[in-house]
Every structure is written in C-alpha cells, then in structure tokens.
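A structural walkthrough
Residues per chain, in single letters:
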Amino acid sequence: MGWSFPDPEACHAWGKGLGETLTIPAVIFLEGDLGVGKTTLAQGVLRGFGVPGRVKSPTYTLIESYASAHGPALHLDLYRLRDGEELEFLGIRDYLDEAALWLIEWPERGGGFLPEPDLRLRLSIASPGYHRLEVLLATARAASWLPFPPAGEEHDG
Ligand SMILES: Nc1ncnc2c1ncn2[C@@H]1O[C@H](COP(=O)(O)OP(=O)(O)O)[C@@H](O)[C@H]1O
Ligand SMILES: [Mg+2]
C-alpha cells in the first residue's frame, strides 16, 4: 500500500491526519535515506497528535520528548547512534512501560533495543519534489489509523 506526495505540504498533511487518528501505544518506524521526508512526516504526526509549538528535528539530541493532551510523544533520529546500547542512556526505558507515541527515524540503527513497530512508513524520492510513501502494517490495530489518501496518486505495492 502506498502513495506519492507531490510536495512537502502533502507529506506533512498526511502525517497530521495519521497523528489525529492513531491511538497510543503507537510505535511508528520512519525508514528511508537522508532527505526523503521522515522528519517532515514526523512533524505532521506530532502536530496531529496535539503537540503544540515548534517541532525540532532530533538530529543532534537523538531524542525529543513532548507532552500532548493525548499523552507522551517521542521523536527519535538514530542516524548518529553508534550502537543500540547507547539507547539506554537516552532514557527510553522510562517510556517503554507507558502508553506513548513513538516516531523513530533510522530504526535499523537501534538494534534490539526499540519497541516493536505497529506501522512502518518507508519513504523514497520518486523524482525531485515527488516523494513516495510505502505503508507496511506490522500490527492489525494500525490499519485503523491510516488517514485519507494524500493528494498524490494512489498505487499498490
Ligand atoms: N514531496 C515531498 N515530501 C516530503 N518532503 C519533500 C517533498 N518534496 C521536497 N521535500 C523536501 O525534502 C526535505 C525532506 O527533509 P526531511 O523531512 O528532513 O527528511 P529526512 O528526515 O528523511 O532526512 C525537506 O526539505 C522537504 O521540504
Ligand atoms: Mg530527519
């Protein structure tokens, strides 16, 4: 299942729709190379989940945590993580026992230290400015979170 986003606004808007419909606990992996739109999508999800104010990219801090009226939200960017064990020092353990929204960029770098995903969103660049999204459901409950198709065309596979 997948779509293409004709511009960053469409990517953000789709994320916002997802953030509005999902229910916690929710673990979302954001996959794909640098610059494909993982942070843009995460910012939309956090906005839809009710996180107010500016949403930064956790490029250097690796983790940003937020409080929304709907519960806690975590945004991780593990690009700079050296090994999964380092996650222990970021304090993620405190969040593992409570219902939270997890948005994880570069999850493949987290080794076995991350919670299991409900949803995997895989982004790629189809052509300049035109980004493709592939949605992989990992748990059945995540199927009910998917918002409207974005403005771009819908495609299979
Ligand atoms: N269709 C699109 N969808 C998402 N981002 C897009 C699109 N077209 C251009 N962009 C741009 O690509 C960049 C994606 O950056 P970012 O979201 O930080 O990616 P990542 O977190 O994957 O490295 C942004 O500058 C965004 O404006
Ligand atoms: Mg990013």
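This text follows the structure it describes.
The structure contained in this document is the topic of the report that follows. Predicted, not measured: the structure shown is a model, and the values here were computed from it.

The helix and strand tally for the protein stands at 3 helices and 8 strands. Reading the helices (α) and strands (β) of the protein from amino to carboxyl end gives β-α-β-α-β-β-α-β-β-β-β. Scaling as 2.2 N^0.38, a compact globule of 157 residues should have a C-alpha radius of gyration of about 15 Å, and the protein matches this with 14 Å. Along the three orthogonal principal directions, the C-alpha set of the protein runs to about 40 × 30 × 30 Å. Residues classed as buried in the protein amount to 38% of the 157 residues present. Long-range contacts, defined as pairs at least 24 residues apart, comprise 71% of the intrachain contacts of the protein with a sequence gap of at least 6.

Time to look at unusual backbone geometry. The linkage connecting isoleucine 24 with the following residue, proline 25, adopts the cis geometry, with an omega of 5°. Its identity is not glycine, yet leucine 62 carries a phi of approximately 70°, on the positive side. Its place among the elements puts leucine 62 in the loop between helix 2 (38–48) and strand 3 (63–68).

Close to ligand 1 lie 16 residues, the nearest being Cys11, Gly37, Lys38, Thr39 and Thr40. Of all the secondary structure elements, the ones that give two or more residues to the shell around ligand 1 are helix 1 (8–21), helix 2 and strand 7 (130–137). Among the elements that take part in the shell around ligand 1, helix 2 stands out by supplying 3 residues, more than any other. Counted by class, the shell around ligand 1 contains 6 nonpolar, 7 polar and 3 charged residues.

Once that is clear, we can look at the pairing of strand 1 (residues 2–5). Residue alternation in strand 1 divides its side chains into a buried set, Trp3 and Phe5, and an unburied set, Gly2 and Ser4. Here strand 1 runs beside strand 7; their pairing, made up of 4 bridges, is antiparallel. Looking across to strand 7, one finds that tryptophan 3 is bridged to leucine 133.

Next up on the list: helix 1. An ideal rise of 1.5 Å per residue puts 20 Å on 14 residues; helix 1 measures up with 20 Å between its terminal C-alpha atoms. When we look at burial in helix 1, the residues that qualify are Ala10, Cys11, His12, Trp14, Gly15, Leu18 and Gly19. Each element contacted by the buried residues of helix 1 is listed here: strand 1, helix 2 and strand 7.

The next thing to look at is the environment of aspartate 118. Tracing the backbone through its elements, the reader meets aspartate 118 in the loop between strand 5 (101–105) and strand 6 (119–127). Aspartate 118 gets classed as buried once you count the C-beta atoms within 10 Å, which come to 22. Here the alpha-carbon distance between aspartate 118 and tryptophan 3, two residues 115 residues apart in the chain, equals 19 Å.

Judged by nonpolar contacts, the single largest core of 36 residues is most densely connected at Ile28, Leu30, Leu101, Trp102, Leu103, Ile104 and Leu121. Counting only elements with at least two residues in this core, the list comes to strand 1, helix 1, strand 2 (26–31), helix 2, strand 4 (71–77), strand 5 and strand 6. Residue contributions to this core peak at 5 residues, all from strand 2. Leave out the neighbours within four places in its chain, and tryptophan 102 touches Ala26, Val27, Ile28, Leu74 and Pro115.

Here we come to helix 2. Burial within helix 2 is extensive, with 10 of its 11 residues counted as buried. Listing the buried residues of helix 2 in full gives Lys38, Thr39, Thr40, Leu41, Ala42, Gln43, Gly44, Val45, Leu46 and Gly48. Positive phi shows up at glycine 50, right after helix 2, with a value of about 100°.

What counts and how
- Residues numbered from 1 in each chain as written.
- Chains lettered and ligands numbered in written order.
- Predicted model: local features only at pLDDT ≥ 70, side-chain atom pairs only at ≥ 80, totals over all residues.
- Helix = DSSP H or I, 4+ residues; strand = E, 2+ residues; numbered from the N terminus.
- Rg over C-alpha atoms; globule rule 2.2 N^0.38 Å.
- Buried ≥ 20, exposed ≤ 12 C-beta atoms within 10 Å, placed from the backbone.
- Contact = placed C-beta atoms within 7 Å.
- Near = placed C-beta within 6 Å.
- Nonpolar A, V, L, I, M, F, W, Y, C, P; charged D, E, K, R; others polar.
- Pairing = 2+ DSSP bridges.
- Expected span 1.5 Å × (residues − 1).
- Core = buried A, V, L, I, M, F, W, Y, C linked by C-beta atoms within 7 Å.

Taken by themselves, the reported measurements are silent on function.
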